[in-house]
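What follows is each chain in one-letter form.
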Amino acid sequence: MSFAPDQVTMDDSPAIQYPELHQKILQMATNAMIFAKLFVPDPIIKGRTRTYVKEAGNVAIGIQRKGIAAPAVLDFTPLTSVSITPDTYGEEVEIPIEMITDFELGVADTQMMRLAFRTMYQIELDSWTAIDGAGAANGNSFAGTGNTISVTGSTITVSGGVGLEDLNKMNRLIKQHNFIMKYIAVNPIQEESLRNLPYPNLFREVTNPLTNEVEQKLGIWTLLVSNLVPAGTVYGISDGQNPNNNYAPMGFMVTKQEITTDIDIQKRLRKIIPFTSYRKTPYVANGFCICKTTGYSTS
């Protein structure tokens, strides 16, 4: 019995099934992001660079008095600008066909999911690096005290611990720049310290009505817990909300290409190559949305 060459096919069904999982895997990865969600998406439609212009003058001053029929004082507000070109990231994995045909595991799907989560981690790392750099450069930083005022009025000091006085000072420093602190970013070590505050009713868990995700709250602030935050450091963060209701986001996620995952089937070389790539760069536009306090326990 004879047969045509095109009747002989390679067993690549796990790879062929992958496109159906494409969006689901990406959604699983992006839901795990914490800091990237603090940046407002800003896609570049044309060109490859986004330029932001900012006022560099002091907005905490009034206007000057003028005489009758006299010309008004001319105010030259200095402007600064910064241009952001999104970086390109990408990675691929080679999987021999034998790894797929010899094992019952969904090798291609597993590797694509791993790539998706590694992509998420890189975006989170870049986002945190931008936040950390802005917090170190804006002068909004101080050494923590670990002090908390008890109900009797006496001061409780926990060596290496985070005190309510520290959190309130972060809140005050951000408010002095006309922003409203909404988040506290901590390492798991400092999360434990906050849970040990002498006011257990401050700590609670709520469900976000928009995302249905469970959020940890400390008083009025949402707690962001990540190992990306250096041990011994606590950050207060505003998303840009301010009493004047001005549009002043903390930062932008400058995007030229969204996360793309796909799979290349090379039958001649008997291998399958999952790959992912994206072009994104986080940019902190308002550094005074961030306050940094240090000096806490690192273990």
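Quick caveat, the model's predicted, so the values are computed rather than measured. (Residues numbered from 1 in each chain as written. Predicted model: local features only at pLDDT ≥ 70, side-chain atom pairs only at ≥ 80, totals over all residues. Heavy atoms only, no water.)

Caption draft 1: Highlighting the overall build of the protein chain. Of the regular secondary structure elements, the protein chain holds 6 helices and 16 strands. Burial statistics for the protein chain: of 299 residues in total, 41% are counted as buried. Counting only contacts in the protein chain whose residues sit at least 6 apart along the sequence, the fraction spanning at least 24 positions is 76%. Total accessible area on the protein chain stands at roughly 17400 Å², and carbon and sulfur atoms take up 54% of it. (Helix = DSSP H or I, 4+ residues; strand = E, 2+ residues; numbered from the N terminus. Buried < 20%, exposed > 50% of the residue type's maximum accessible area, 1.4 Å probe, protein only. Contact = heavy atoms within 4.5 Å. Areas by Shrake-Rupley, 256 points an atom, 1.4 Å probe, with all protein chains shown as cover.)

Caption draft 2: Geometry of helix α6 (residues 188-195). What α6 keeps buried is the set Gln190, Glu191, Ser193 and Leu194. Angularly, the buried residues of α6 cover 160° about the axis, an arc narrow enough to put them on a single face. Put simply, Asn187 is the residue that caps the front of α6, since its side-chain oxygen is 3.0 Å from the backbone nitrogen of Ile189. (Arc of directions from axis to C-beta. Polar contact = N/O pair within 3.5 Å; in protein donor to acceptor, adjacent residues only side chain to side chain.)

Caption draft 3: Molecular detail of the layout of surface pockets. By volume, the second largest pocket is sized at about 550 Å³. The wall of the second largest pocket is formed by 20 residues, among which Lys37, Glu213, Glu215, Thr222 and Leu224 lie closest to the centre. For the lining of the second largest pocket, the elements supplying multiple residues, two or more each, are β11 (214-218) and β12 (221-225). Among the elements that make up the lining of the second largest pocket, the one with the highest residue count is β12 (4 residues). (1 Å grid on protein atoms, 1.4 Å probe; cavity = no way out; pocket = protein on both sides within 12 Å on 5 of 7 lines; lining within 4 Å. Points joined across faces, edges and corners; volume = space filled by probe spheres on them.)

Caption draft 4: Structural view of the nonpolar core. In terms of nonpolar packing, the biggest core is built from 48 residues, with Phe35, Ile131, Leu167, Ile184, Leu194 and Met250 touching the most fellow members. Residue assignment for this core shows that the elements contributing at least two residues are α4 (107-137), α5 (164-175), β9 (183-186), β12, β13 (233-237), β14 (251-266), β15 (271-284) and β16 (290-294). Per-element accounting of this core gives the leading share, 7 residues, to α4. Excluding residues that lie within four positions of it along the chain, Ile131 makes contacts with Phe35, Leu38, Phe39, Ile237, Met250, Val284 and Ile290. Counting residues in each nonpolar core, the second largest holds 10 residues, with Val93, Ile97, Val107 and Leu115 among its members. (Core = buried A, V, L, I, M, F, W, Y, C linked by side-chain atoms within 4.5 Å.)

Caption draft 5: Main features of the packing of aromatic side chains. In the structure shown here, the tally under the stated rule is 5 aromatic pairs. Ring geometry for Tyr52 and Tyr283: centres 5.0 Å apart, planes at 25°, overall stacked. With Tyr52 in strand β2 (residues 50-55) and Tyr283 in strand β15, the pair connects residues that are 231 residues apart, well separated along the chain. On the basis of relative accessibility, which here comes to 11%, the residue Tyr52 falls in the buried class. The ring of Phe142 is capped by Lys169, whose NZ or CZ atom sits 4.4 Å from the centre of that ring. (Phe/Tyr/Trp six-rings, centres within 6.5 Å; stacked < 30°, edge-to-face > 60°. Lys NZ or Arg CZ within 6 Å of the ring centre and 35° of its normal.)

Shape is all these values report; function is a separate question.
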